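# Architecture and fold: a report
Given next are the chains, with one letter for each unit.
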Amino acid sequence: MLARKSIIPEEYVLARIAAENLRKPRIRDRPRKARFIAKNGACNLAHKNIREQGRFLQDIFTTLVDLKWRHTLVIFTMSFLCSWLLFAMMWWLVAFAHGDMDPSTESAMNSTNWTPCVTCVRSFTSAFLFSIEVQVTIGFGGRMMTEECPLAITVLILQNIVGLIINAVMLGCIFMKTAQAHRRAETLIFSRQAVIAVRNGKLCFMFRVGDLRKSMIISASVRIQVVRKTTTPEGEVIPIHQVDIPVDNPIESNNIFLVAPLIICHVIDKRSPLYDISAADLALQDLELIVILEGVVETTGITTQARTSYIAEEILWGHRFVPIVTEEEGVYAVDYSKFGNTVKVAAPRCSARELDEKPSILIQTLQKSELSHQNSLRKRNSMRRNNSIRRSNSMRRTNSSLIVPKVQFITPEGSQSASET
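Looking at an unreviewed UniProt entry, the protein chain carries the name KCNJ8 protein, with the source organism given as Pterocles burchelli. Word for word, the UniProt comment on the protein chain under Sequence similarities (unreviewed entry) is "Belongs to the inward rectifier-type potassium channel (TC 1.A.2.1) family." The protein chain has a UniProt comment under Catalytic activity (unreviewed entry) that states "K(+)(in) = K(+)(out)".

This is how it looks when you write it as structure tokens:
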């Protein structure tokens, strides 16, 4: 409207609109892939359209252990209530069949030697209370069973057996839920990030693992798997293709002695899926490295497993973990505040394949790092010398300002004499 009325020139309006539209180019980030294993070890997998639900009931104990606490407690409460109600109905039927519910029996009990099956059971409520007393064995008060009815004795034995089975299942499930293996895995920690650096002349993928408890993990072993989406030469797409990669260990096995935090190393060689990946290609790779630590808990003897994963964004190229184990007064101390700290080191940016084909790349990289280190040392030394020279000059100036100047005295005879004070 303003441009049509010539209040603001039309050229200015068009230029302003063009300037507003010329913003920074919108760079759409690559859609982030869903992790197969979360950092806390949980599997990011959802099971859908399971038709054979009856298979879970065939292993009812494992199903009860895998349920949440609220569901387990509801099931146990309902099982107790249903068993009490069921046997209360049976006791009520026994008393009704024997004639204990008849009001005339009370006078007959006082006049003759007539004996009921269960004393003081004259309603369903009293039968329910007697059922609770029998199953939880809290003692018999006024209601007690007599030897008058063999059927009542059979019901008593049956209810005791059922009550023992329910108690055994409940105690077993509660024990297994409180002593599950993943509870022990909460104190097994992994470094938040992994690194790739040169060790013994080879590019290595490294991460740190530690145990916060003093009770050890017996026969601990570490496995590393690479999960990525691959396509076979026949055109078959495998969304989750798992490839095991070896772990560098002086012993010919993956067992480790996890008494202190350790740096687990994987040498990137021809067998490794990371053999053709360089530093520039790492950010573009759609892969996930899963780390699995397994062992036996020393105190309980239960096998536990701790898991984590590293994606491309969590792998630092050219870094190394700082040492955290020191000896203090004859005791080895571990500083867990530096558990995930890394320091930048010299490392070639090429892939392991290029490094094997051209070993001179590593030598050149080390020489450059040595020269840069020497230059930094020279700069530091020169800066220290300049600072010391400046300090000495400032000290000289302050000392010279404290010196008393010479004073000349003129005698009456006109001769001059100099004296210092």
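## Concerning the pattern of salt bridges
This structure, assessed with the given rule, holds 6 salt bridges. Where Arg35 meets Glu314, a salt bridge forms, and the shortest distance between an N and an O atom there is 2.9 Å. With Arg35 in the loop between helix 1 (10-21) and helix 2 (54-58) and Glu314 in the loop between strand 9 (303-311) and strand 10 (315-317), the pair connects residues that are 279 residues apart, well separated along the chain. In terms of burial, Arg35 and Glu314 fall into one category: buried. Between Asp276 and Arg353 there is a salt bridge; the shortest N-O distance is 2.4 Å. Taken together, the residues span a long stretch of sequence, with Asp276 in the loop between strand 7 (262-267) and helix 9 (279-282) and Arg353 in helix 10 (residues 352-357) at a distance of 77 residues. Looking at Asp276, the relative accessible area reads 45%, which means it is partly exposed. Look at Arg353 and you get partly exposed, because its relative accessible area is 36%. Several salt bridges share partner residues, and in doing so they unite Arg35, Lys39 and Glu314 into one network.

## Section: the nonpolar core
The nonpolar side chains of soluble globular proteins are, as a tendency, buried together. Core analysis: the biggest nonpolar cluster contains 40 residues, and Phe205, Phe207, Leu289 and Leu293 have the highest contact counts within it. For Phe207, the contacting residues outside a window of four places in its chain are Phe190, Ser191, Ala194, Val222, Ile224, Leu262, Ile263, Ile264, Val291, Tyr310 and Phe321. Within the second largest apolar cluster, 15 residues are counted, among which are Met101, Cys117, Val118 and Ala152.

## Section: helix 6 (residues 124-136)
Taking 1.5 Å per residue, 13 residues should reach 18 Å; helix 6 reaches 18 Å between its end C-alpha atoms and fits that length. Taken as a whole, helix 6 has its buried residues at Ser126, Ala127, Phe130, Ser131, Ile132, Glu133, Val134 and Gln135. Here the buried face of helix 6 lies against helix 4 (69-98) and helix 7 (150-178). Residue Thr137 follows helix 6 closely and has a positive phi angle near 50°.

## Some words on a nonpolar patch on the surface
Taken together, the side chains of Leu57, Ile60, Phe61, Ile153, Ile157, Ile161, Ile165, Val169, Phe175 and Met176 define a hydrophobic patch exposed on the protein surface, amounting to about 900 Å² of accessible area. Sorting the residues of the nonpolar patch by element identifies helix 3 (60-66) and helix 7 as the ones contributing at least two each. Per element, the largest residue contribution to the nonpolar patch is 7 residues, and it comes from helix 7. Tracing the backbone shows Ile153 in helix 7. Judged by relative accessible area, Ile153 falls into the partly exposed class, the value being 36%.

## Let's talk about the state of the cysteines
Counted according to the given criterion, the structure contains 1 disulfide. Residue pairing for Cys117: its cysteine sulfur links by disulfide to Cys149, the two sulfurs lying 1.6 Å apart. In this structure the cystine formed by Cys117 and Cys149 twists about its S-S bond by roughly -50°; its chirality is therefore left-handed. A residue pair is termed long-range when its members are at least 10 positions apart, and Cys117 in the loop between helix 5 (104-111) and helix 6 and Cys149 in the loop between helix 6 and helix 7 qualify at 32 residues. Exposure remark for Cys117: the relative accessible area of 1% places this residue in the buried category. Its relative accessible area of 7% is what places Cys149 among the buried residues.

## Here's the deal with the environment of Arg223
Here Arg223 shows up in strand 4 (residues 217-231). The class of Arg223 is partly exposed, set by a relative accessible area of 30%. When the C-alpha atoms of Arg223 and Val247 are compared, they prove to be 7.2 Å apart, with 24 residues separating the residues in sequence.

## Thoughts on the side chain of Lys39
You can see Lys39 is positioned in the loop between helix 1 and helix 2. At a separation of 3.1 Å, a polar atom in the side chain of Lys39 contacts the main-chain carbonyl oxygen of Arg192. The contact partners of Lys39, leaving out residues within four places of it in the chain, are Ser191, Arg192, Arg307, Thr308, Ser309, Tyr310 and Glu314.

Calculation rules
Residues numbered from 1 in each chain as written. Predicted model: local features only at pLDDT ≥ 70, side-chain atom pairs only at ≥ 80, totals over all residues. Heavy atoms only, no water. UniProt positions renumbered as here; feature names shortened; annotations may be inferred. Salt bridge = Lys/Arg side-chain N within 4 Å of Asp/Glu carboxyl O. Helix = DSSP H or I, 4+ residues; strand = E, 2+ residues; numbered from the N terminus. Buried < 20%, exposed > 50% of the residue type's maximum accessible area, 1.4 Å probe, protein only. Core = buried A, V, L, I, M, F, W, Y, C linked by side-chain atoms within 4.5 Å. Contact = heavy atoms within 4.5 Å. Expected span 1.5 Å × (residues − 1). Patch = residues over 30% accessible without salt bridge, like charges linked within 9 Å, V, L, I, M, F, W, Y side chains within 5 Å. Areas by Shrake-Rupley, 256 points an atom, 1.4 Å probe, with all protein chains shown as cover. Disulfide = S-S within 2.5 Å. Polar contact = N/O pair within 3.5 Å; in protein donor to acceptor, adjacent residues only side chain to side chain.

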